[in-house]
Amino acid sequence: MYLELKRVDPEVYKAVVGEIKRQAFTLEMIASENFVSRAVLETAGSPLTNKYAEGLPGKRYYGGCQFVDIVENLVRERAKQIFGAEHVNAQPHSGTQANIAAYLALLDIGDRILGMNLSHGGHLSHGHPVNFSGKYFEVHQYGVDRESETIDFDELLKIAKKVKPKMIICGASAYPREIDFERFREVADEVGAYLLSDIAHIAGLVAVGLHKSPVPYSHVVTTTTHKTLRGPRAGLILCTEEHAKAIDKSVFPGNQGGPLMHIIAAKAVCLKEVMTDEFKKYQKQIVANAKELAKKLSEKGLRLVSGGTDNHLMLVDLRDAGITGKVAEEALEEAGITVNKNTIPFDPEKPFIASGIRIGTPALTTRGMKEKEMDTIADMIARVVHSPDDEKIKKQVLDEVHDLCMRFPLYKEFLDEAGVKGPYDEPVI
Ligand SMILES: *Cc1c(COP(=O)(O)O)cnc(C)c1O
């Protein structure tokens, strides 16, 4: 697959093989990551990358769009069918780009928005001061209840009535519980606000009915395609017919130039996979794995925010274990387990240190791991987190991680071609 790359640019080739090797021989538990299929990879690497196609299918500003029109129409039709949406824009380059386009379609600069506090699970693009969303709009925030650590709808309603936002944003990056979109819509209606639901993390669950759909309750729904949906790194916008024109114009020419047609084609392939029975089984296994992992981590004395999970991720509060998220992330990485440090609600630590880690099961479930492996992994995580400075334990866990990874191979054909059979082999140049 990468023979020409190897000839032209050995430095990049080595980094590419190094990254494939890292993915194959570590346990990827970052909740927002996944491994795409060979078909998605091939499409994302196709010559469709060469094509300029500003505009929409049938209405382009460039000639020669007959084939890229086919793939973009497939994304729109498939996404409409999967999510029951009236309208789809297939072009956002990412989740954040989808949000920019959606905000600027429905809002004016300076309008008030109400989003979830980042340290309670929200996303930077929902109004954080360092992000465009915090700079262009007047941002107000809601969060979770201190006791239950679930979204506090009484507080949400109180804040909404006081600040009268033009848009309420729901959806999260680090929230382990089901999101009640219907209640969000009730609050939005009560104060005359638009509801934007960002399902970047849970889109795969929503697609197969394992999480309630936001589509009937939202003016606009945004998502990424590379998290639980397991497609290329990109975004999508779903909306009602009423807002279709405004959304399309906001994506292009409002906020983007030429669409990435190779990535849009890969989104079409991803959505084809989403419509299969295998994908539904896969999503069920993600949730079953998360439940099992959460149960075992709790049994090992690790406290989970809100007490558990309904979806594909969990947040571990490490304060009782006596270490910070930053230290846990680093120790686990040395042991071959990749997670990210994450603030917990009402975190006393700064985001760069954080009191928690976020753990997700989508990527390992793609490799075929099930409940039994989750038990093993919970044990590994607990051992490292309880002795983050013990080099012997970290080395033991690393060896066990390598064994597990060898039993659930990933992108093996690429590694074979590069002469990499195990975690300590270097690619042959
Ligand atoms: C990941 C995520 C995004 C942003 O996606 P990018 O593709 O990284 O820009 C937006 N919203 C939520 C809730 C997310 O979790």
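Residues numbered from 1 in each chain as written. Predicted model: local features only at pLDDT ≥ 70, side-chain atom pairs only at ≥ 80, totals over all residues. Heavy atoms only, no water.

Student: Kindly report on the overall build of the chain, identifying the contributing residues and their values.
Tutor: A count of helices and strands for the chain gives 17 helices and 15 strands. Relative to its length of 429 residues, the chain is compact, with a C-alpha radius of gyration of 22 Å against a globular reference of 22 Å. Principal-axis analysis of the C-alpha atoms gives the chain an extent of 60 × 55 × 40 Å. Residues counted as buried form 57% of the 429 residues belonging to the chain. Summed over all atoms, the accessible surface of the chain reaches about 18000 Å², with 52% contributed by carbon and sulfur. (Helix = DSSP H or I, 4+ residues; strand = E, 2+ residues; numbered from the N terminus. Rg over C-alpha atoms; globule rule 2.2 N^0.38 Å. Buried < 20%, exposed > 50% of the residue type's maximum accessible area, 1.4 Å probe, protein only. Areas by Shrake-Rupley, 256 points an atom, 1.4 Å probe, with all protein chains shown as cover.)

Student: Describe the pairing of strand β9 (residues 220-224), with residues and values.
Tutor: Of all 5 residues in β9, 5 are buried, a share of seventy percent or more. On β9, burial covers both faces: Val220, Thr222 and Thr224 on one face and Val221 and Thr223 on the other are all buried.

Student: Would you mind going over the sheet that holds strand β14 (residues 340-342) in detail, with residue names and values included?
Tutor: The sheet built from 4 strands is open, its strands ordered β11-β12-β15-β14 with antiparallel pairing. Looking at which strands have only one partner, the edges of the open sheet turn out to be β11 (303-304) and β14. Relative to strand β15 (residues 356-360), strand β12 (residues 313-317) runs antiparallel, the two being bridged by 5 bridges. Residue pairing in the sheet places Asp317 in a bridge with Gly356 of β15. Across the face of the sheet, helix α13 (residues 325-334) comes into contact with β14 and β15 while running at roughly 45° to β15. (Pairing = 2+ DSSP bridges. Contact = heavy atoms within 4.5 Å. Axes fitted to C-alpha atoms, helices over the stretch in contact; angles between N-to-C directions.)

Student: Can you tell me about the packing of helix α7 (residues 153-163) against helix α8 (residues 181-191), naming the residues and giving the values?
Tutor: Orientation of α7 relative to α8, taken along the N-to-C sense of each, is 20°, at an axis distance of 9 Å. Of the possible angle classes, the one that applies to α7 and α8 is roughly parallel. For the element pair α7 and α8, the recorded crossing hand is right-handed. Together, Phe153, Asp154, Leu156, Leu157, Ala160 and Lys161 of α7 and Arg183, Phe184, Val187, Glu190 and Val191 of α8 make up the contact between the two elements. In terms of residue class, the contact of α7 with α8 is built from 7 nonpolar, no polar and 4 charged. (Parallel < 35°, antiparallel > 145°, perpendicular 65-115°, else oblique. Left-handed = near helix turned anticlockwise from the far one by under 90°. Nonpolar A, V, L, I, M, F, W, Y, C, P; charged D, E, K, R; others polar.)

Student: Give me the lowdown on unusual backbone geometry, citing residues and values where you can.
Tutor: Cis peptide bonds are those with omega within 30 degrees of zero, and the linkage from Phe252 to Pro253 qualifies with 10°. Summarising the element assignment, Pro253 is placed in helix α10 (residues 244-255). Positive phi, normally seen in glycine, also occurs at Glu149, with a value near 60°. By the element assignment, Glu149 lies in the loop between β6 (138-142) and α7. If you check the backbone angles, Ser306 has positive phi at about 70° while not being a glycine.

Student: Before we move on, could you go through the pattern of salt bridges and cite the residues and values that matter?
Tutor: Within the structure shown, the criterion is met by 30 salt bridges. Salt-bridge contacts for Lys295 lead to Glu292; the nearest nitrogen and oxygen are separated by 4.0 Å. With Lys295 and Glu292 both in helix α12 (residues 277-299) and 3 residues apart, the pair spans about one turn of that helix. By relative accessible area, which is 45% here, Lys295 ends up partly exposed. Between Asp416 and Lys421 there is a salt bridge whose closest N-O contact spans 3.1 Å. Overall, the relative accessible area of 29% leaves Asp416 in the partly exposed class. (Salt bridge = Lys/Arg side-chain N within 4 Å of Asp/Glu carboxyl O.)

Student: Tell me about a nonpolar patch on the surface, and name the residues and values.
Tutor: A contiguous nonpolar patch, built from Tyr52, Tyr61 and Tyr62 and spanning about 380 Å² of accessible area, is present on the exposed surface. Relative to the assigned elements, Tyr61 resides in the loop between β3 (59-60) and α4 (66-83). Judged by relative accessible area, Tyr61 falls into the exposed class, the value being 64%. (Patch = residues over 30% accessible without salt bridge, like charges linked within 9 Å, V, L, I, M, F, W, Y side chains within 5 Å.)

Student: Could you give me a rundown of the site of the ligand, with the residues and numbers involved?
Tutor: The local shell around the ligand consists of Ser94, Gly95, Thr96, His123, Ala172, Ser173, Asp198, Ala200, His201, Thr224, His226 and Lys227. Here an oxygen atom of the ligand sits 2.8 Å away from a polar atom, N or O, in the side chain of Ser173. Protein chains shield 86% of the accessible area of the ligand, which is 380 Å² for the free molecule. Residue composition of the shell around the ligand, by class: 2 nonpolar, 8 polar and 2 charged. (Near = heavy atom within 4 Å. Polar contact = N/O pair within 3.5 Å; in protein donor to acceptor, adjacent residues only side chain to side chain.)

Student: For the domain arrangement of the chain, give the residues involved together with the corresponding values.
Tutor: Entries for the chain in the domain assignment read domain 1 (16-34 + 277-417) and domain 2 (46-274). On a C-alpha basis, the centroid separation for the pair domain 1 and domain 2 is 27 Å. Contacts between the two partners involve 29 residues from domain 1, matched on the other side by 28 residues from domain 2. The contact between domain 1 and domain 2 buries some 2500 Å² in all, and 58% of this surface belongs to carbon and sulfur atoms. On the domain 1 side of the interface with domain 2, the three residues burying the most area are Phe279, Ser306 and Phe346, jointly 27% of the side's total. Here domain 1 is connected to domain 2 by 2 salt bridges. Between Arg177 and Asp310 there is a salt bridge, with its nearest N and O atoms 2.9 Å apart. The set of elements that each furnish at least two residues to the side of domain 1 that touches domain 2 consists of α12, β12 and α14 (362-366). (Domains from an automatic or database assignment. Buried area = accessible area lost by both parts, 1.4 Å probe.)

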